[in-house]
Amino acid sequence: MGSFMLIRWVTLRVCFIVLVVLELHLALGSRSINPLLRGGEDDGPPFWEGLCKASIIPHGYKCEEFNTTSEDGYITGLQRIPEGLSSSSGVSKNKPPVVVQHGVLTDGISWMMGSTEQSLVFTLADSGFDVWIANTRGTRFSKGHVSLDESQTQYWDWSWDEVALNDLPAIVDFVYNQTGQKLHFVGHSMGTTTPMAALSQGKLADKLNSVVLLSPIAYLNKMTTVGGILASDGFLGEAVCYRFKQQSSHAFGD
C-alpha cells in the first residue's frame, strides 16, 4: 500500500471514530456540552427560546425575531438589533441596514462568541447600523419548513446552491422591504460563497449597497493538504453537521 493510500485509510478511519464518538456524546451526555452551543452562559436562557433571548438581550441590546420563507419552503430565522447601547445610536428609520451571514457548521450565535466590544454585530449596532443576523436553513434557529420535518431525509436534500438561490434572496428581500433601503452584506466562509453564487446568477445586486467577504471561499480545487482533500472527498463536514443537528435536536428537546 502506497504512502498516500495508507494516509487516506488512516484518515478515513479517524473520521469514522470521530463521528461515532460525537454521536454517542450528543446522545448520552449532551447536557454537558459547552454552554456556548446552548446559547451562552450556564445561567442564561436556553437556545430554543431564540437567539435574541439567549445571546443578545442579556447584553442589554434590543432584539427582534423574524422568519422568512424561501421559495422551496424552508423557514429561516432572522434576528434584528435595531439600535446600540450608545446614546448616539438611537432608533432611526434611516439607519443603514446590514445583514451578517455566518459560515458552515455554525449559526448566528457565532457572531457573539467574543465580548460585546469584540463582536461585529454589537459593534455595528453601536456604530449606528440596523443589524440583521441571518441563520442558514437547518441550523438551530432555522429548522422550520412549510411541509417537511427535520427528521425526514427529504428535509436535508439541499446544498449551498439552494441557500444561494432561495434563502439568501428571501432574506435580502425581507430586510429591503422592512427598511426600504438597499443593504450592506457581511459574510464569513460559506456566508461568502452563497452571495457570490447568487450575484453570479443576477440576483440581489439591485438591493445591495456593498458586500464584505470574510475568508471568502469560491473554489476548492486549489487545496493541497491531504486532510482537506480527504475531508472534502468524504463529505466530512456535511456528515458531522447532519449528525450534530440530528442528535442535539433530540437531546435538547428542540
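Rules behind the numbers
- Residues numbered from 1 in each chain as written.
- Predicted model: local features only at pLDDT ≥ 70, side-chain atom pairs only at ≥ 80, totals over all residues.
- Heavy atoms only, no water.
- Helix = DSSP H or I, 4+ residues; strand = E, 2+ residues; numbered from the N terminus.
- Buried < 20%, exposed > 50% of the residue type's maximum accessible area, 1.4 Å probe, protein only.
- Disulfide = S-S within 2.5 Å.
- Core = buried A, V, L, I, M, F, W, Y, C linked by side-chain atoms within 4.5 Å.
- Contact = heavy atoms within 4.5 Å.
- Phe/Tyr/Trp six-rings, centres within 6.5 Å; stacked < 30°, edge-to-face > 60°.
- Expected span 1.5 Å × (residues − 1).
- Bend = angle between axes of the 7 residues up to and from the residue.

Some details on the environment of S115
With respect to the secondary-structure elements, S115 resides in the loop between β3 (97-101) and α3 (120-126). By relative accessible area, which is 29% here, S115 ends up partly exposed. Residues S115 and H59 lie 56 residues apart in sequence; the distance between their C-alpha atoms is 9.6 Å.

Things to note about the state of the cysteines
As enumerated under the stated definition, the model contains one disulfide in all. Here C52 engages in a disulfide with C63; their sulfurs sit 1.9 Å apart. Judged by the sign of its S-S torsion, about -60°, the cystine formed by C52 and C63 is left-handed. Taken as a pair, C52 in helix α2 (residues 51-56) and C63 in the loop between α2 and β1 (64-69) lie far apart in primary sequence, 11 residues in all. Judged by its relative accessible area of 3%, C52 is buried.

Comments concerning unusual backbone geometry
Phi angles above zero are rare outside glycine, and S189 is one such case at about 55°. Along the polypeptide, S189 turns up in the loop between β6 (183-188) and α5 (190-200). Among the residues examined, S189 registers a relative accessible area of 12% and is labelled buried. Here the phi dihedral of S215 falls at roughly 55°; this positive angle occurs in a residue that is not glycine. With respect to the helices, strands and loops of the structure, S215 is situated in the loop between β7 (208-214) and α6 (226-233). Given a relative accessible area of 48%, S215 falls into the partly exposed group.

A look at the nonpolar core
Membership of the largest hydrophobic core comes to 19 residues, with the highest contact counts inside it found for I56, I81, M112, V121, V131 and I133. Looking at this core, the elements with two or more residues in it are α2, β3, α3 and β4 (130-134). In terms of residue count, the dominant contributor to this core is α3 (four residues). Apart from the residues within four sequence positions on either side, V121 is in contact with I81, V100, W111, M112, V131 and I133.

Topic: the packing of aromatic side chains
One pass over the structure, following the stated rule, counts eight aromatic pairs. On the basis of an interplanar angle of 25° and a centroid distance of 4.5 Å, the ring pair of Y61 and F122 is categorised as stacked. You can see Y61 sitting in the loop between α2 and β1 and its partner F122 sitting in helix α3, a full 61 residues away along the chain. Accessibility assignment for this pair places Y61 and F122 in one class, buried.

With respect to helix α4 (residues 160-179)
Compared with an ideal rise of 1.5 Å per residue, which puts 20 residues at 28 Å, α4 spans 27 Å between its outermost C-alpha atoms and is within 8% of the ideal. For α4, the principal kink sits at D167 and spans about 30°; a proline, P169, occurs within the next four residues. Among all positions in α4, only V163, A164, N166, D167, L168, P169, A170, I171, V172, V175 and T179 are buried. The positive-phi residue at the C-terminal boundary of α4 is G180, with phi of around 70°.

Just distances and angles here, no functional claims.
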